[in-house]
Amino acid sequence: MTAKIPFLRPNPPKLTESLDQLAAIDASHIFSNYGPVNTRLEAALVERMFGGQGGCLTVCNATIGLMLAIRLAIGAVPDKARIYALMPSFTFAATAHAALWCGLTPLLCDIEPDTWLPSAAAEHGLIERYRDQIAVIVPYATFGNNLDLDRYEALSARTGIPIVVDAAASLGSRNPSGANFGGGFSHPVIYSMHATKAFATSEAGLIYCADRVKIETLRAMGNFGFEQPRTATLPGLNSKLSEIAALLALRKLEEFDAVVAHRLSLTRAYQEQLGNWSFQHRTPGSDAQQFVSVLLPAGYPGSREAVLNHLNERGIGFGTYFDPHLANQPYFSQTCVCGDLDATQQVAGRIISLPLSDLMTEADVAKVCQVVQDSCS
Ligand SMILES: Cc1ncc(COP(=O)(O)O)c(C=O)c1O
């Protein structure tokens, strides 16, 4: 019996190898409330990931980060006519939940069939139709693929609609300047540091924005809306990151370049060995890889179910992100409004998410690819 290969294998820094730093937290008697470890982390992220430009705010997870940023976008006293949050249907439930918690209705648009990013034409069509009713646009940088942020800067300037970027899987993807994707963008960009992401901690998230004033407003919102001691002047909730989670993120930052490089080289091995399968078209610099997504080969007559059963029988873990996409999930089908979703349906119906982790080797990839190829032969 050969060893199983799990779909994801979270690999946060080991707390047992951080005993001195944990003892320092104990000794400080500071465990949260934007403490010293968190402050060091935010400064290190701005310097090392964003070339010193803009500001970073940690949050307890990316879902709460999205809620905060969407709430900032719609303003302290929301315009009652602006009821929609425009976002792709091909994303994770968190994006739609965040909009719904802010009192908005997700307006679901289609994706491009090759990059799986939100389709510019679909967005424009829905903006034409619902323009004065859209409160915020929430594009998703799908699986770490870089969005054209210049296009979104221009779109926001032209329509007056604010942007919140869901970049949950984008830590490790880079701009042409070398900064992490999102660097220099004037609207908030939200990243996840969940255990299953490449930047694995336990539960954590990050908001970046080139505009440091927005970051400081979000910081106050994430601390109960307090701009003055225990006095709410803004909409608020508690999004603060604990010092222990901040320590995990600081440690992950030390090893992160090697993590990204290893995952990228495994992804390239998948691409070489599965040449007859369709991969996501990634824009240059989109190096962050959480897992490896493929579409069933064009014209393949069999069912995806049969392929997945074959993988399961041979001990290969997998996912089908994002099938069902949002519009096909019972809660969202009752609470969202949809545009045309043809490409989304096509991609979601053929997608298979293959294993990737820091602990996998090229030999593991070869084994997965052999089983995948066998499943279609
Ligand atoms: C697209 C997307 N948005 C948001 C999130 C939420 O991230 P978190 O688990 O940190 O709340 C995820 C998590 O996987 C995601 O995939």
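Data block above holds the structure.
Note that the structure is predicted; figures quoted are calculated from it, not measured.

Calculation notes
- Residues numbered from 1 in each chain as written.
- Predicted model: local features only at pLDDT ≥ 70, side-chain atom pairs only at ≥ 80, totals over all residues.
- Heavy atoms only, no water.
- Salt bridge = Lys/Arg side-chain N within 4 Å of Asp/Glu carboxyl O.
- Helix = DSSP H or I, 4+ residues; strand = E, 2+ residues; numbered from the N terminus.
- Buried < 20%, exposed > 50% of the residue type's maximum accessible area, 1.4 Å probe, protein only.
- Core = buried A, V, L, I, M, F, W, Y, C linked by side-chain atoms within 4.5 Å.
- Contact = heavy atoms within 4.5 Å.
- Near = heavy atom within 4 Å.
- Polar contact = N/O pair within 3.5 Å; in protein donor to acceptor, adjacent residues only side chain to side chain.
- Areas by Shrake-Rupley, 256 points an atom, 1.4 Å probe, with all protein chains shown as cover.
- Arc of directions from axis to C-beta.
- Pairing = 2+ DSSP bridges.
- Phe/Tyr/Trp six-rings, centres within 6.5 Å; stacked < 30°, edge-to-face > 60°.
- Lys NZ or Arg CZ within 6 Å of the ring centre and 35° of its normal.

Caption draft 1: View of the pattern of salt bridges. Under the criterion given, the structure shown has 11 salt bridges. Its salt-bridge partner being Arg 151, residue Glu 123 comes within 3.0 Å of it at the nearest N-O pair. Within this pair, whereas Glu 123 is found in helix 5 (residues 120–130), its partner Arg 151 is found in helix 6 (residues 149–159), the two being separated by 28 residues in sequence. Under the relative-accessibility criterion, Glu 123 is labelled buried at 2%. In this structure, Glu 313 engages Arg 314 in a salt bridge whose closest nitrogen and oxygen atoms are separated by 3.4 Å. Its relative accessible area of 62% is what places Glu 313 among the exposed residues. One continuous salt-bridge network, built from bridges that share partners, spans Lys 252, Glu 255, Arg 263 and Asp 358.

Caption draft 2: Fine view of unusual backbone geometry. With an omega of -5°, the peptide bond running from Tyr 321 to Phe 322 counts as cis. Here Phe 322 shows up in the loop between helix 9 (304–313) and helix 10 (330–335). For His 29, which is not glycine, the phi dihedral falls at a positive 60°. Following the sequence through the fold, His 29 ends up in the loop between helix 1 (19–28) and helix 2 (36–50).

Caption draft 3: Fine view of the nonpolar core. In terms of nonpolar packing, the biggest core is built from 50 residues, with Ile 134, Ile 137 and Val 165 touching the most fellow members. Per element, the largest residue contribution to this core is nine residues, and it comes from helix 8 (residues 243–273). With sequence-adjacent residues up to four places away left out, Ile 134 is seen in contact with Arg 82, Tyr 84, Leu 86, Leu 107, Leu 126, Ile 127 and Ile 161. Counting 37 residues, the second largest nonpolar core, distinct from the first, contains Leu 66, Ala 99, Val 136 and Ile 207.

Caption draft 4: Region of the structure containing the site of the ligand. The environment of the ligand is formed by 14 residues, the closest being Ala 62, Thr 63, Asp 166, Ser 192 and Lys 197. One nitrogen or oxygen atom from the main chain of Ala 62 is found 2.9 Å from an oxygen atom belonging to the ligand. Contacts to the ligand include Lys 197, whose side-chain N or O atom sits 2.6 Å from an oxygen atom. Isolated, the ligand exposes 390 Å² of accessible area, and the fraction of that covered by the protein chains is 90%.

Caption draft 5: The arrangement of helix 9 in detail. If you check which residues of helix 9 are buried, you get Arg 304, Val 307, Leu 308, His 310 and Leu 311. Burial along helix 9 is one-sided: seen end-on, the buried residues are contained in an arc of 155°. Exposed residues on helix 9 whose side chains face more than 90 degrees from its buried face are Glu 305, Asn 312 and Glu 313. Buried residues along helix 9 sit in contact with helix 11 (342–350), strand 13 (351–354) and helix 12 (362–376). Directly after helix 9, the chain includes Gly 315, whose backbone phi takes a positive value near 75°.

Caption draft 6: Here's a closer look at the pairing of strand 6 (residues 189–192). Burial along strand 6 is two-sided: Val 189 and Tyr 191 and Ile 190 and Ser 192, pointing in opposite directions, are all buried. For strand 6 and strand 7 (residues 205–209), the ladder comprises four bridges, and the chain directions are antiparallel. The residue bridging Ser 192 from the neighbouring strand is Gly 205, located in strand 7.

Caption draft 7: Expanded view of the packing of aromatic side chains. Tallied over the full model, the rule gives 18 aromatic pairs. Seen from their ring centres, Phe 90 and Phe 322 are 5.4 Å apart, and the 85° between their planes marks the pair as edge-to-face. On the criterion of sequence distance, the pair formed by Phe 90 in the loop between strand 2 (84–88) and helix 4 (93–101) and Phe 322 in the loop between helix 9 and helix 10 is long-range, its members being 232 residues apart. Pair check on accessibility: Phe 90 and Phe 322 agree, each one buried. Chaining the aromatic ring pairs together yields one cluster made of Phe 7, Phe 90, Phe 92, Trp 116, Tyr 140, Phe 143, Phe 291, Tyr 321 and Phe 322. Its end group placed over the ring of Tyr 34, Arg 219 keeps NZ or CZ at 5.0 Å from the ring centre.

What is shown is where atoms sit, not what they do.
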